[in-house]
Amino acid sequence: MKVELNSLKSAPDQAKSFEVELSPPEELKEQVAPVHVKFTAKFTGDGVLVTGDLSTTYHDECHRCLKPAEKQIELDFQEEFLQKEKFYDQDKVQDDANTNKKEVVLEEEELSVDYFSGNELDLTDFLRQLLILAIPPKIVCKDSCPGLCPYCGKDLSKEKCNCGQEEVDPRLVKLRELKKDL
Ligand SMILES: [Zn+2]
Ligand SMILES: [Zn+2]
């Protein structure tokens with residue numbers, strides 16, 4: 001997914017809208033449906049501000065009963081991508097005597113700031129990272145899924161078993177006896 005800087009610069013006060021359907025990364029293609037992304041991109045003077053949302057469906061097994069389960073993934077994002085050349089050029093102009101020092105500082109900043117260079121801002125890696133971070137470690141087929149019996153392995157949503165019934169809380173037994181008396 002690429003955004004052309006020149007087309008944004010031609011209308012600097014306007015956010016341009018994009019809507020795309022991306023195929024999931026190769027290693028997730030069995031589990032993730034096509035990823036629907038809607039966003040706007042706007043030229044900020046220093047780079048491009050991208051604001052939007054991403055949605056898809058994630059498939060995995062339910063971690064309680066191990067049957068197929070799915071979960072809707074939806075998230076909003078906003079990120080400013082700075083145009084690298086612009087910053088390096090400015091440094092050279094402002095700081096000709098101390099160019100080396102300034103460049104060291106810039107390299108450190110690069111760790112936390114997203115830069116791009118040239119006329120094209122490629123959002124592919126950024127969107128892939130967002131997607132990977134949004135995938136839940138565990139999903140359930142439904143919130144009320146009772147799962148499998150830890151003793152006999154029966155699917156408790158289909159049938160009850162008698163395992164673990166002797167281990168009733170003694171306070172509950174007392175309570176039941178009291179109820180009987182009433
Ligand atoms: Zn389940
Ligand atoms: Zn059981």
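Everything here concerns the structure above.
Residues numbered from 1 in each chain as written. Chains lettered and ligands numbered in written order. Predicted model: local features only at pLDDT ≥ 70, side-chain atom pairs only at ≥ 80, totals over all residues.

### Section: the sheet that holds strand 3 (residues 35–43)
Right, so step 1: One open sheet holds the 5 strands; their spatial order is 2-3-4-5-6, and the pairing between them is mixed. Strand pairing shows two members of the sheet lacking a second neighbour, strand 2 (16–22) and strand 6 (114–116), which therefore form its edges. With strand direction ignored, the average angle separating the axes of adjacent strands in the sheet is 30 degrees.
Right, so step 2: Across 15 bridges, the pairing between strand 4 (residues 47–61) and strand 5 (residues 68–83) is antiparallel. The partner of H59 across the bridge, within strand 5, is E70. (Pairing = 2+ DSSP bridges. Helix = DSSP H or I, 4+ residues; strand = E, 2+ residues; numbered from the N terminus. Axes fitted to C-alpha atoms, helices over the stretch in contact; angles between N-to-C directions.)

### Topic: the environment of E70
Right, so step 1: The residue E70 is located in strand 5 in this model.
Right, so step 2: Sequence separation between E70 and K142 is 72 residues, and the spatial gap between their C-alpha atoms is 9.2 Å.

### Here's the deal with the nonpolar core
Right, so step 1: Counting 16 residues, the largest nonpolar core has V3, A41, V48, V50, F81, L121 and L123 as the members making the most contacts within it.
Right, so step 2: With 5 residues, strand 3 is the single largest residue contributor to this core.
Right, so step 3: Not counting residues within four places of it along the chain, the set of residues in contact with V48 comprises V3, L5, L8, A41, K42, F43, F81 and L121. (Core = buried A, V, L, I, M, F, W, Y, C linked by C-beta atoms within 7 Å. Buried ≥ 20, exposed ≤ 12 C-beta atoms within 10 Å, placed from the backbone. Contact = placed C-beta atoms within 7 Å.)

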